[in-house]
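Understanding the architecture of this molecule
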Amino acid sequence: AQSVTQLDSHVSVSEGTPVLLRCNYSSSYSPSLFWYVQHPNKGLQLLLKYTSAATLVKGINGFEAEFKKSETSFHLTKPSAHMSDAAEYFCVVSDTMNRDDKIIFGKGTRLHILP
Amino acid sequence: NAGVTQTPKFRILKIGQSMTLQCTQDMNHNYMYWYRQDPGMGLKLIYYSVGAGITDKGEVPNGYNVSRSTTEDFPLRLELAAPSQTSVYFCASSYSPAGGAYEQYFGPGTRLTVT
């Protein structure tokens, strides 16, 4: 069975410092992994996705994530935070081989940017 | 290309009333989804559809109904609204199963309050 755990419900960083949002997953087969961002009162927007190609995935707005199979992790990083990055971030896992084909959302991490 | 549109943006219902949340996509996606988002709980799948005329239950279908008569439209019906249905509802679509590494496109959401 699949599951996804976002290890922090809230993360606060100062503007200009690095961002790390942690995500661990469990999957029986070959997972697809996604990060979505949700700005206040908006829908979700795809940041990046991993689909069994390169393990380091680059996304929009300077974000990237690294798929580490040995650690079952897919942490999201950004070298330098910007005020506009303040939002909620969701890690999502989906099995590519499982016919049941469920999509599991993490509970979200709210990122606060301090001036 | 408007993407995924949802109406209304906000609605207040009295207990026992019914309503339909509208969702339309113009990307010719075959898969469509309805989620609800409760604070700190991530997104829960209510219903999904793999194509016109085909729908299936998600994780939390009780109290809801859907139909998919066209590729574009996927309305969600609430019968006999209850306070537990107070939530933000998101409609999403994808070109193929999201487990096949195609990302989901989300609408802006409908904020529903049942009192």
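In case you missed it, the structure is sitting above this.
Fair warning: this is a prediction, and the values are worked out from it, not measured in the lab.

As for the overall build of chain A
On a plain count of helices and strands, chain A comes out with 0 helices and 12 strands. Expected size for 115 residues packed as a compact globule is a radius of gyration near 13 Å; at 14 Å, chain A falls within 12% of this value. Seen through its principal axes, chain A has C-alpha atoms that stretch 45 × 30 × 20 Å. Across the 115 residues that make up chain A, the buried fraction comes to 43%. With an accessible surface of roughly 5700 Å², chain A has 51% of that area assigned to carbon and sulfur atoms. Each charge class in chain A can be summarised by its mean position, and for the 11 positive and 10 negative side chains these summaries are 3 Å apart.

Thoughts on the pattern of salt bridges
All names here are of chain A. Going through the model one piece at a time under the given rule, you end up with 8 salt bridges over all chains. Its salt-bridge partner being D8, residue R22 comes within 3.1 Å of it at the nearest N-O pair. Residue R22 is located in the loop between strand 3 (19-21) and strand 4 (23-26), and its partner D8 is located in the loop between strand 1 (3-6) and strand 2 (10-14); the two are separated by 14 residues in the primary sequence. Of the charged contacts, one joins E64 and K58 as a salt bridge, the two residues approaching to 2.8 Å between their closest N and O atoms.

Here we look at the environment of V88(B)
All names here are of chain B. Mapped onto the fold, V88 is located in strand 9 (residues 87-94). Given the relative accessible area of 12%, V88 is considered buried. As a C-alpha pair, V88 and V60 span 28 residues in sequence and 14 Å in three-dimensional space. The contact partners of V88, leaving out residues within four places of it in the chain, are Y35, R36, Q37, T110 and R111.

Regarding the state of the cysteines
Residues and elements named next belong to chain B. Scanning the entire structure with this criterion turns up 2 disulfides over all chains. The disulfide that involves C23 links it to C91, with 1.8 Å between the sulfurs. Measuring handedness by torsion sign, the sulfur bridge of C23 and C91 sits at about -70° and is left-handed. Placement of C23 in strand 3 (residues 19-25) and of C91 in strand 9 is noted, with a sequence separation of 68 residues between them. When sorted by exposure, C23 lands in the same class as C91, which is buried.

With respect to the interface of chain B and chain A
Listed as interface residues are 19 residues of chain B and, on the opposing side, 20 residues of chain A. Overall, the association of chain B and chain A removes approximately 1500 Å² of surface from exposure, summing both partners, and the carbon and sulfur fraction of that is 57%. One salt bridge connects K49(A) with E103(B), and the closest N-O pair in it is separated by 2.9 Å. At the junction of chain B with chain A, the criterion picks out 4 residue pairs in polar contact (both at pLDDT 80 or more). Per-class residue counts for the side of chain B that touches chain A are 11 nonpolar, 6 polar and 2 charged.

Focus: the sheet that holds strand 3 of chain B
Residues and elements named next belong to chain B. One open sheet accounts for 4 strands, arranged 1-3-8-7; its pairing is antiparallel. Looking at strand neighbours, the two that pair on one side only are strand 1 (4-7) and strand 7 (64-66), the edges of this open sheet. Ignoring which end each strand starts from, the neighbouring axes of this sheet average 20° apart. In the sheet, strand 1 pairs with strand 3 via 4 bridges, with the strands oriented antiparallel.

Criteria and cut-off values
- Residues numbered from 1 in each chain as written.
- Chains lettered and ligands numbered in written order.
- Predicted model: local features only at pLDDT ≥ 70, side-chain atom pairs only at ≥ 80, totals over all residues.
- Heavy atoms only, no water.
- Helix = DSSP H or I, 4+ residues; strand = E, 2+ residues; numbered from the N terminus.
- Rg over C-alpha atoms; globule rule 2.2 N^0.38 Å.
- Buried < 20%, exposed > 50% of the residue type's maximum accessible area, 1.4 Å probe, protein only.
- Areas by Shrake-Rupley, 256 points an atom, 1.4 Å probe, with all protein chains shown as cover.
- Lys, Arg positive; Asp, Glu negative; His and termini not counted.
- Charge placed at Lys NZ, Arg CZ, Asp CG, Glu CD.
- Salt bridge = Lys/Arg side-chain N within 4 Å of Asp/Glu carboxyl O.
- Contact = heavy atoms within 4.5 Å.
- Disulfide = S-S within 2.5 Å.
- Buried area = accessible area lost by both parts, 1.4 Å probe.
- Polar contact = N/O pair within 3.5 Å; in protein donor to acceptor, adjacent residues only side chain to side chain.
- Nonpolar A, V, L, I, M, F, W, Y, C, P; charged D, E, K, R; others polar.
- Pairing = 2+ DSSP bridges.
- Axes fitted to C-alpha atoms, helices over the stretch in contact; angles between N-to-C directions.

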